[in-house]
Each structure stands twice: as structure tokens, then as C-alpha cells.
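Structure assessment
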Amino acid sequence: MKDPRAQQLEHTVLAPLVKAGRGFYLVVALLLAVIAWGGYAYSVQLRNGLAVTGMAETRDKIIWGFYIVNFVFFIGISHAGTLISAILRVSKAQWRLPVTRMAEFITVVALSVGAIFPIIDLGRPDRVVNLFLYGRWQSPVVWDMLSITTYITGSLIYLYLPLIPDLALCRDAIGQQVSPLKRAFYRILSIGWVGSPGQRLKLTRAIGMMMVLIIPVAVSVHTVVSWIFAMTLRTGWNSTVFGAYFVAGAIFSGIATIIIVMAILRKVYHLEQIITEKHFINLGYMMGGFTLIMMYFNLSEYVTAAFKMEGSDEFFLLQLMVGQLAPFFWFYTIGGLVIPGLLILIPMTRNLRGIIVAALLVNVAMWVERFFLVVGGLRVPLMPYTPATYIPTWVEWSVLAAAFALFALVITLFSRLFPIVSVWELKEGDEEAKE
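Description of the structure in this document. (Residues numbered from 1 in each chain as written. Predicted model: local features only at pLDDT ≥ 70, side-chain atom pairs only at ≥ 80, totals over all residues. Heavy atoms only, no water.)

It is the contact of helix H9 (residues 197-230) with helix H10 (residues 242-268), at a shortest axis distance of 8 Å, that shows an interaxial angle of 125 degrees. As summarised for this structure, H9 and H10 are arranged oblique, according to the angle between their axes. Crossing geometry of H9 relative to H10 is assigned as right-handed. Across from Val219, His222, Thr223, Val225, Ser226, Phe229 and Ala230 in H9, the residues of H10 making contact are Phe242, Gly243, Phe246, Val247 and Ala250. Each residue belonging to the contact of H9 with H10 can be placed in one class, and the counts come to eight nonpolar, four polar and no charged. (Axes fitted to C-alpha atoms, helices over the stretch in contact; angles between N-to-C directions. Helix = DSSP H or I, 4+ residues; strand = E, 2+ residues; numbered from the N terminus. Parallel < 35°, antiparallel > 145°, perpendicular 65-115°, else oblique. Left-handed = near helix turned anticlockwise from the far one by under 90°. Contact = heavy atoms within 4.5 Å. Nonpolar A, V, L, I, M, F, W, Y, C, P; charged D, E, K, R; others polar.)

This is the structure in C-alpha cells:
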């Protein structure tokens, strides 16, 4: 006879997989509408070229805009899942159990969405094949392609392995309550799992290998993304600490994304007994730690540049501190670092609501940081010309909205196909706690 707690756990987690309410179809329809509008906007760009974007107005001075900002942002939040999950698994932190599944899936979705943007940024996307045929190994762009491909492959494996026992649970527990197609889906993906000691040993070893391998791969990905900037002789980008800075920023925004997604799914699927306030506070502590790390990197980056004031550093810093990009810079500094840090530091606001507000501020601020980093570096004049002003057009805003809608849609569909928390790990955690 099953333990009542285990039965309740299975019922709560598996219930969304059996029947969808009207709200689910309404959300999916809304997200599909946003994606369709973004697809129409991109079709306009395909027909007319990049002339329909704000980059055309800058006359080749600001050659990267929203698309590369979004690329860096989505690749950044992808670190949340696999890297944080792997670190928590390696450290054997028991509170991680309800968190890891969502974290690992965020990685795969964010990587998939982010990888689309360099192709969108091409005026001729059909030429992307030239990167594979004629790419130069000396180019950081080629390194980026290889690292992202490796990371998404490893992340898919790392997501799938812990899913196997839960897919078998879906096959056995709700197989007769779902459509034949969905039943076959669970049967095929569970690959004959019966939970024998031999199978459990092999699965444990495979997960252990992947969680060790995925950490250096995850670190290398955003390091290589940073090298696209840092290996360019441009003021504001030409930095030796960009690798560590980008990795820290990626984990920072990634933790915030986990908190937001977890809060939404917790509310929608009534997981309050499984995902408690303690999980948000623990993730808040991690986010608070990276708040201090990001403050340190920003201080190191801007103080050393301001002290030397070499070449065009003065223009770059002034546009951030008091110039055209100052609103973005100070929102990032105060709204993305100081206020979230205080919300986590002060006991009165260190609660569910305070942590979620801090995470929302961090995510918006980190997107803004990517914006003024990309645009700010390109605004620095290389010759005596008037600095360009980049204003994104409706096409770029539409594609941006479609990207976030696609991100939300895939997570929504995932929550209807797979258990969003790891049932078998939670059961094992309960059994260990009793011993």
C-alpha cells in the first residue's frame, strides 16, 4: 500500500497532465496570436531586409540592436537551469528537489529561443549555412556556435535522464486516462523503466556523469558569448573580465527566471505544499549573493576605466552616467542591484512576495543591461562623426514579444506533457528523511 503522502504527491503533480481547463487553451491561443504577429513582422523583414529595423537608421554605425540583446539575454537565463541544478545536485542540497526539473527545462527552452536570434539578425538567413561551410576557426562566432550546440545537446540529455522514472509513472498511473497518442508517448520515452536495482544504478551513474560534465560546458558557453564582444577592439567591450562578468550575470538573471516561472506554475497548478516559501527564500539567498558579485564586477569595470580615461572611455562613461543611456544604466544599477539586494537583505521583505518582486526587477534590469552594453559600445564614434541614436522599430518590438511568447508557450506545453517536479526524487527524499 502506498504512503498517503506519496499518493497525494502523485495526484497533485500528475493531475495537470490528464485534463486541461479552459484557461489553458485561452493562454495558448493568446501566446500563439503574439507569435503569429511576430512571424508576420519577421516576414516584413525578410521581404524588405534590415532596412525595416532601427539599425538601418544608424547608417551602419549601430550594427547590433534588439536581436543581439535578446540573444545574450536568453543564452544568459539558460544558465539558471542546468548549471544551478548541477551545482545543487553535486552539493546534495535536499531543498533543491522540487526546483531542479523546472530549472533544467528553462535551460533547454531559453537556449532554443536564444539561438534563433543570430539567424533573425541576418538580413539573409539563408546564408547561415555559410557559417558551417566556410566558418573560420579563428572566429569567436564559430566558437559560439560549437559551444551552444554542445550545451543544448548536453542539457537535453541532462533534462531527459531524471525524467525517465516519472515518464514510467505517467505510463502506469495515468495511461488509461489520456489519449492513445499520449499513452504511446509515455511508453516510448520511458524506455521500459520498471525501477529495478540495475536500472536505478545505471541511471544514478548517468546523472552523476552529466551533472559533473555540464558545469564546465555551461561556464564555457557564456564565456564564449562574452568573447564575441571582448575580442573586439571597441571601447566598453575590450575587457579581460567579460568572461567571468557574463557568467555571473547569466546565473544572476537565471536564478531570477527560475523564481518567476516557479511562482507562476506553483500558483496555476496548486503546488503550494510541494514548493514552499522556503524554496523561494533559498533561491533568494543565491540571487542576493550574485547581487554582490555583480556589484563588484561593475565597480571593477567602470572605476578602472574612469581612473585611466583612455581614448574614448570618456564618451562611453558619460553616455552611461549622465548621457543618452543614463536612464537605462541607473535603472539597472538601482532597480536591478540595490533594490533587489535590499529586498533580500531586510527580514521584513525577505518573503515570497519580496523575493518575486526582486526577481522581476533583476530580470528586467539584466535585459536593460544587455541593451546599454551592446548599444553603448557601438555608439562610441570610431571616427569624427555624430554618435548614432538607435530606436527599435515595430518589427523589432514584435519579434521581441514573439520570442517571450514562444518561451512561455513551450513552458506551458511542457507542463501539460511532463511532471513539472521530480516525483521520484521527492519520494526518495522523503524516505531518506524518515531513516
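Don't stop here, the text continues.
Given 3.6 residues per helical turn, the α-helix brings residues three or four places apart onto the same face. Its 20 residues give helix H13 (residues 326-345) an end-to-end C-alpha distance of 27 Å, which sits within 8% of 28 Å, the value for a rise of 1.5 Å per residue. Among the residues of H13, Ala326, Phe329, Tyr332, Thr333, Gly335, Gly336, Leu337, Pro340, Leu343 and Ile344 are the ones counted as buried. The elements touched by buried residues of H13 are H10, helix H11 (277-308), helix H12 (313-321) and helix H14 (352-379). (Expected span 1.5 Å × (residues − 1). Buried < 20%, exposed > 50% of the residue type's maximum accessible area, 1.4 Å probe, protein only.)

So, on to the environment of phenylalanine 105. Within the fold, phenylalanine 105 resides in helix H5 (residues 100-121). It is 22 Å that separates the C-alpha atoms of phenylalanine 105 and arginine 200, two residues lying 95 residues apart in sequence.

We now examine unusual backbone geometry. In this structure, isoleucine 191 is a non-glycine residue whose phi angle is positive, near 40 degrees. Its place among the elements puts isoleucine 191 in the loop between helix H8 (180-189) and H9. One non-glycine residue with positive phi stands out, namely histidine 270, at about 55 degrees. Mapped onto the elements, histidine 270 comes out in the loop between H10 and H11.

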